[in-house]
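Read off the chains here:
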Amino acid sequence: MKKLFKNRFFIASFFFTLIIIFFFTALLYVDSMGRIILHGNDSPAFSLLKNSDSALLSVNAFGINKTYDVSLFYRIIKAICDFVCIPI
């Protein structure tokens, strides 16, 4: 009986997470289409701007127009990809 309860809890939380991801993706899609139709702004919602020694994440979604410095995370991802021989 306990195993059945744990399985139901896992399945319910799994599908709840999938629904949340689906709704966020749909909101992001509608936001980007609205920006294209209303303002003619066809820039992507998220973009990574890479230089030789730094990386900037540009966010242009839900009325947020900011740029964040993600150089440390980019270097970590790049080191892991170099270690496992995945080109980026």
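As a reminder, the structure under discussion sits directly above these lines.
To start, this report covers the structure provided alongside it. Model, not experiment: these values are computed from the prediction.

All right, on to the sheet that holds strand β2 (residues 55-61) then. Pairing within the open sheet is antiparallel, and its three strands lie in the order β1-β2-β3. Taken across any chain shown, the strands that pair with only one partner, and hence form the sheet edges, are β1 (46-50) and β3 (64-69). Put simply, the sheet's adjacent strands are angled 20° from each other on average, direction ignored. Across six bridges, β2 lies against β3 in antiparallel orientation. Bridge pairing in β3 places Asn 60 opposite Asn 65.

In this section: the pattern of salt bridges. Applying the stated rule across the entire model yields one salt bridge. Asp 31 is the salt-bridge partner of Arg 35, the closest N and O atoms lying 3.6 Å from each other. Taken together, the residues span about one helical turn, with Arg 35 and Asp 31 both in helix α1 (residues 2-39) at a distance of four residues. Both residues of the pair, Arg 35 and Asp 31, belong to the buried class.

We now examine unusual backbone geometry. Despite not being glycine, Cys 85 has its phi angle at roughly 60°, a positive value. Position of Cys 85 relative to the elements: it lies in the segment after α2 (71-83).

Here we come to the packing of aromatic side chains. All chains considered together, the criterion is met by four aromatic pairs. With a centroid separation of 5.6 Å and an interplanar angle of 75°, the aromatic rings of Phe 14 and Phe 15 are classed as edge-to-face. Owing to a relative accessible area of 42%, Phe 14 belongs among the partly exposed residues under this scheme. Phe 15 gets classed as partly exposed once you look at its relative accessible area, which sits at 47%. Arranged with centres 5.9 Å apart and planes meeting at 50°, the rings of Phe 24 and Phe 62 form a pair that is tilted. Taken together, the positions of Phe 24 in helix α1 and Phe 62 in the loop between β2 and β3 put the pair 38 residues apart, joining distant regions of the chain. Residue classification places Phe 62 among the partly exposed positions, given a relative accessible area of 39%. In this structure an aromatic cluster arises from ring pairing among Phe 10, Phe 14 and Phe 15.

Conventions we followed
Residues numbered from 1 in each chain as written. Predicted model: local features only at pLDDT ≥ 70, side-chain atom pairs only at ≥ 80, totals over all residues. Heavy atoms only, no water. Pairing = 2+ DSSP bridges. Helix = DSSP H or I, 4+ residues; strand = E, 2+ residues; numbered from the N terminus. Axes fitted to C-alpha atoms, helices over the stretch in contact; angles between N-to-C directions. Salt bridge = Lys/Arg side-chain N within 4 Å of Asp/Glu carboxyl O. Buried < 20%, exposed > 50% of the residue type's maximum accessible area, 1.4 Å probe, protein only. Phe/Tyr/Trp six-rings, centres within 6.5 Å; stacked < 30°, edge-to-face > 60°.

Spatial relationships are all this shows, so hold off on functional conclusions.
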